[in-house]
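Fold and contact review
The residues making up each chain are set out below.
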Amino acid sequence: MPLSVIDSTGLASPLTGLNNPTVVGNMTFSTNGGGINFTQSSAQNAATFNDYEYGTWSPTISSGTFNALRPRYTKVGRLVTVSAYCDTFSDRSSSSSVSIGGLPFVSGDVESLGSIFMRYTNNSVSASYIGSGSSSILFYAASSGGYAPLLYSQLNNSSFQIYFAVTYAATF
Amino acid sequence: MTLASTTIIDKVEVLEDGTIQVRQATVITDNGVEIARNFNRWVRHPGDAGASTDPAPVPAISSAVWTTPVIAAYQAAVAAQKQPGQ
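What you are looking at is a predicted structure, and each value in this text was computed from that prediction instead of being measured.

Things to note about the packing of aromatic side chains
All names here are of chain A. Applying the stated criterion across every chain yields a total of ten aromatic pairs over all chains. Ring centres of Trp-57 and Phe-164 lie 6.3 Å apart, and the angle between their planes is 65°; this geometry places the pair in the edge-to-face category. Of this pair, Trp-57 sits in strand β5 (residues 52–57) while Phe-164 sits in strand β14 (residues 161–169), and the two are 107 residues apart along the sequence. Here Tyr-140 and Tyr-147 contribute two aromatic rings whose centre-to-centre distance is 6.3 Å and whose plane-to-plane angle is 90°, an arrangement assigned as edge-to-face. What makes Tyr-147 exposed here is its relative accessible area of 55%. Aromatic ring contacts, followed pair by pair, group Trp-57, Phe-139 and Phe-164 into a single cluster.

If you want it as structure tokens, here you go:
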């Protein structure tokens with residue numbers, strides 16, 4: 001469907017200086033990096049809204065097998081929110097950290113924290129964590145000393161389940 | 001009404017360190033007219049063996065991009081990554 005731009009008087013108008021324009025059909029940015037540019041508010045690159053997308057992602061596990069349900073993502077600009085819940089972990093004995101990979105986008109140069117709840121573990125995990133440049137999620141507990149990641153050996157029962165949601169910044 | 005479903009790789013993004021972001025689209029058509037498009041995404045880091053079994057064109061792109069130096073640089077970057085508090 002061709003793009004039609006109509007101003008508030010109902011007449012076709014040039015693409016600059018529009019007053020309350022109405023768009024009929026989709027507005028498509030066919031050039032890489034194109035988007036809605038809020039140049040009056042700040043620097044151009046950091047003020048361009050150039051992406052929106054939602055879908056599913058494919059969680060992976062760093063040890064053994066598991067079952068991931070309802071993995072979803074929504075990307076608005078460079079911010080990505082992912083969520084899922086996981087159960088049926090086959091590894092409940094190794095001493096390595098539980099790490100869920102397969103994020104839909106690699107994280108940028110900032111670290112991000114998210115919410116979590118779970119059952120059947122003796123680790124009081126308080127947050128999900130994505131490091132910079134990563135496509136995996138780790139889980140950490142509050143600690144009186146060093147940082148305490150959730151370990152496979154702390155999954156106490158075959159009914160262990162973990163729900164999480166994290167919002168992080170992608171690379172673009 | 002003739003519904004059909006097609007799965008395609010409709011976007012592949014290669015990042016600076018060689019990481020590949022893949023978007024797979026499931027396109028639903030009615031008599032050849034697209035009526036819905038859903039996305040599933042995943043990421044392949046340099047050296048990830050799983051890329052070789054991904055749908056085209058991911059294997060070809062990963063083979064072209066993931067030279068030995070690219071893989072080595074990525075692995076070095078991962079090794080240098082710090083955990084919280086470090």
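Still more to cover.
Remarks on unusual backbone geometry
Keep in mind that most residues, glycine aside, have a negative phi and that most peptide bonds are trans. Residues and elements named next belong to chain B. A cis geometry characterises the amide bond from Ala-56 onward to Pro-57, with omega recorded as 10°. Among the secondary structure elements, Pro-57 is positioned in the loop between β3 (33–44) and α1 (58–65). Residues other than glycine seldom take positive phi values, yet Asn-31 does so here, at roughly 55°. With respect to the element layout, Asn-31 can be found in the loop between β2 (20–30) and β3.

As for the pattern of salt bridges
For the structure shown, the criterion picks out nine salt bridges over all chains. With a shortest N-O distance of 2.6 Å, Glu53(A) and Arg41(B) are connected by a salt bridge. With Glu53(A) in strand β5 and Arg41(B) in strand β3, the pair connects residues from two separate chains. Accessibility expressed as a relative area gives 1% for Arg41(B), which makes it buried. Asp10(B) is the salt-bridge partner of Arg37(B), the closest N and O atoms lying 3.3 Å from each other.

Rules of the game
- Residues numbered from 1 in each chain as written.
- Chains lettered and ligands numbered in written order.
- Predicted model: local features only at pLDDT ≥ 70, side-chain atom pairs only at ≥ 80, totals over all residues.
- Heavy atoms only, no water.
- Phe/Tyr/Trp six-rings, centres within 6.5 Å; stacked < 30°, edge-to-face > 60°.
- Helix = DSSP H or I, 4+ residues; strand = E, 2+ residues; numbered from the N terminus.
- Buried < 20%, exposed > 50% of the residue type's maximum accessible area, 1.4 Å probe, protein only.
- Salt bridge = Lys/Arg side-chain N within 4 Å of Asp/Glu carboxyl O.

Functional significance is not addressed by these values, which are geometric in nature.
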